[in-house]
There are 2 protein chains.
Amino acid sequence: MTTPRPVGADDVQLGASSGAADLAVVNSQRARSELSSRRLLESAVELIAERGYERTTLVAIGERAGYSRGLVTDRFGSKEKLLWHLLEHHFVKWTEDSLYPDLAGLPAAAALNRAIERTRDNIRLAPTRIRAVYSILFESLVLVPGVRERVALMHREHRASTAAMIAAGIANGDVPATVDPEAMADAWVATFRGVAYQWLLDPETFQIDRALREMSTLFTPMLTAGPVGGTEADPS
Amino acid sequence: MTTPRPVGADDVQLGASSGAADLAVVNSQRARSELSSRRLLESAVELIAERGYERTTLVAIGERAGYSRGLVTDRFGSKEKLLWHLLEHHFVKWTEDSLYPDLAGLPAAAALNRAIERTRDNIRLAPTRIRAVYSILFESLVLVPGVRERVALMHREHRASTAAMIAAGIANGDVPATVDPEAMADAWVATFRGVAYQWLLDPETFQIDRALREMSTLFTPMLTAGPVGGTEADPS
DNA sequence: CTTAGCTTGTCAGCTGACAAGCAAGGACCC
DNA sequence: GGGTCCTTGCTTGTCAGCTGACAAGCTAAG
């Protein structure tokens, strides 16, 4: 038995598949374990995207990755630790390291539109990963309490930072003073999650691009201090 | 063994607890079975609201209702059939028989505000039942495929009827012609679901009343053909 | 030879389903 | 009205399938 040596946050670059290197058999032990860890994570993400976390079996993860059923436990310690790894790595880290910096300094309306664009790009580029993330977010409602609390905290922070952004916009006149920052942040995050929910629920029928566009149509005027109270109804 | 005799849709009026009758021991067999069915459904709803469907055990349902573990299967046939019963009874039936008629004939903006009010009332009056329903909606993403398809269908219909309502509003001038009915319906349903999600996720912190109010603030102007493009910014 | 990577054997806990059985209700007959 | 017997409501015994965890062991790297 190998001592459970949890994969560090930066051991693995999931999604950045190094392509041909997979076959150029570098048999160094370090390389082997990195490869297998990456494959395990990929399998896990795929399976979670397909059927959620609870219905995903360690056996299934191992087999799809081309290994045995025991490797996941050996690598990550337990199934739940794997979940935490995915949660922190794919969601929290992405939000904090990639999304937030990208929005920094933008006026509120522009920032929210940028967030929409980023989401659309992500869905186009890595739909499986996004599905897996959202799957976990929704499933967290009925998982181990700890996970739900973590996700709840993420959302609290997300609402808070959105509200802060809107409040800043009010302070320097970009956003109408009639807006309630916290309430608006509630609605913003809600719409985002609801769009994701419907997409997961019914990928074939629900047109997520249209829905994201509509979000922009809906929120932009509310966050824009129009020249004189225009609904932008008549740009002709 | 008793032949599995599934409870008919109108055998049981869940929630309409007849109060004192519980103790006024009417030992008629018919009365006994109605009482036990009602109690079983109540327990199931409570437990699903607390921990979701999959983590709810037949043993737990029976025990909480004051019966044995075997009764649920005997009454409903299987755990999954119980789920279907709740789904059709609590959600579909409520929407079609109670909500839709209530909105009929109202202008779009008024109808949507009425839907918000109804939701708020429901949450105040029967929070547990509402939590259970939403729990099932979100959990359906990772349940037996059949359930998910049913829920997806419900949402398709819900979007369609919302879009139709908006389109009708455009036709008779209540709603600005710039609005895209389908896209608006997408966003509307999305916001509703996202508000519910955050409420389930974090009941203590998320202020659902505020969020519902903000939904109104957000959608009402978009669905109202203002006198002359007013954002309703200044009602003073 | 030592250690790391990975596999396989094995086990225990849980859960839903089903069948057999018990006790109380209720209809029918006298 | 009271006794008999069938029916209904409910319980308990039991089982099989699944799954995550752990330990021992094999193979190849170093």
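Preceding this section is the structure that the text describes.
Residues numbered from 1 in each chain as written. Chains lettered and ligands numbered in written order. Predicted model: local features only at pLDDT ≥ 70, side-chain atom pairs only at ≥ 80, totals over all residues. Heavy atoms only, no water.

Engineer: Can you explain the interface of chain A and chain B? Please cite residues and give values.
Structural biologist: Residue-level contacts link 52 residues of chain A with 52 residues of chain B. Regarding the contact of chain A and chain B, the summed buried area is about 4,400 Å², with carbon and sulfur atoms giving 62% of it. The largest share of the area that chain A buries against chain B comes from A:Tyr197, A:Leu201 and A:Leu218, three residues that together contribute 14% of it. Counting only elements with at least two residues in the side of chain A that touches chain B, the list comes to helix H6 (127-139), helix H7 (145-171), helix H8 (181-201) and helix H9 (208-223) of chain A. Of the residues forming the side of chain A that touches chain B, the biggest block, 15 residues, is contributed by H8(A). Tallied by class, residues from the side of chain A that touches chain B come to 23 nonpolar, 14 polar and 15 charged. (Contact = heavy atoms within 4.5 Å. Buried area = accessible area lost by both parts, 1.4 Å probe. Helix = DSSP H or I, 4+ residues; strand = E, 2+ residues; numbered from the N terminus. Nonpolar A, V, L, I, M, F, W, Y, C, P; charged D, E, K, R; others polar.)

Engineer: If you had to explain the packing of aromatic side chains to someone new, which residues and values would you point to?
Structural biologist: The geometry of two aromatic rings is summed up by the distance between their centres and the angle between their planes. One pass over the structure, following the stated rule, counts 9 aromatic pairs over all chains. Arranged with centres 4.9 Å apart and planes meeting at 70 degrees, the rings of A:Phe138 and B:Tyr197 form a pair that is edge-to-face. With one member in each of two chains, A:Phe138 in helix H6 and B:Tyr197 in helix H8 (residues 181-201) form a pair that bridges those chains. With respect to class, A:Phe138 is no different from B:Tyr197; both count as buried. Above the face of the A:Tyr53 ring, A:Lys79 is positioned so that its terminal group lies 4.4 Å from the ring centre. (Phe/Tyr/Trp six-rings, centres within 6.5 Å; stacked < 30°, edge-to-face > 60°. Buried < 20%, exposed > 50% of the residue type's maximum accessible area, 1.4 Å probe, protein only. Lys NZ or Arg CZ within 6 Å of the ring centre and 35° of its normal.)

Engineer: Hey, could you go over the packing of helix H1 (residues 29-51) of chain B against helix H6 (residues 127-139) of chain B for me, with residue numbers and the actual values?
Structural biologist: Residues and elements named next belong to chain B. Running from N to C, H1 and H6 cross one another at 65 degrees; their axes reach a closest spacing of 8 Å. At the point where H1 passes H6, the crossing takes the left-handed sense. Residues Val45, Glu46, Ile48 and Ala49 of H1 form the contact with H6, whose own contacting residues are Thr128, Arg129, Arg131, Ala132, Ser135 and Ile136. By residue class, the composition of the contact of H1 with H6 is 5 nonpolar, 2 polar and 3 charged. (Axes fitted to C-alpha atoms, helices over the stretch in contact; angles between N-to-C directions. Left-handed = near helix turned anticlockwise from the far one by under 90°.)

Engineer: Give a description of the relation of the copies chain A and chain B that names residues and reports values.
Structural biologist: Of the transformation superimposing chain A on chain B, the axial component is 0.0 Å and the angular component is 180 degrees, with the fit at an RMSD of 0.0 Å. Seen this way, the second copy is the image of the first under a two-fold rotation axis. The fraction of interface residues of chain A whose copies in chain B are also interface residues reaches 100%, indicating that both copies meet through the same surface. (Least-squares fit on C-alpha atoms with pLDDT ≥ 70 in both.)

Engineer: Can you break down the nonpolar core residue by residue, with the values?
Structural biologist: Within the largest apolar cluster, 135 residues are counted, with the highest numbers of intra-cluster contacts made by A:Phe138, A:Trp188, B:Phe138 and B:Trp188. With sequence-adjacent residues up to four places away left out, B:Phe138 is seen in contact with A:Phe138, A:Leu141, A:Tyr197, B:Arg193, B:Ala196, B:Tyr197 and B:Leu200. (Core = buried A, V, L, I, M, F, W, Y, C linked by side-chain atoms within 4.5 Å.)

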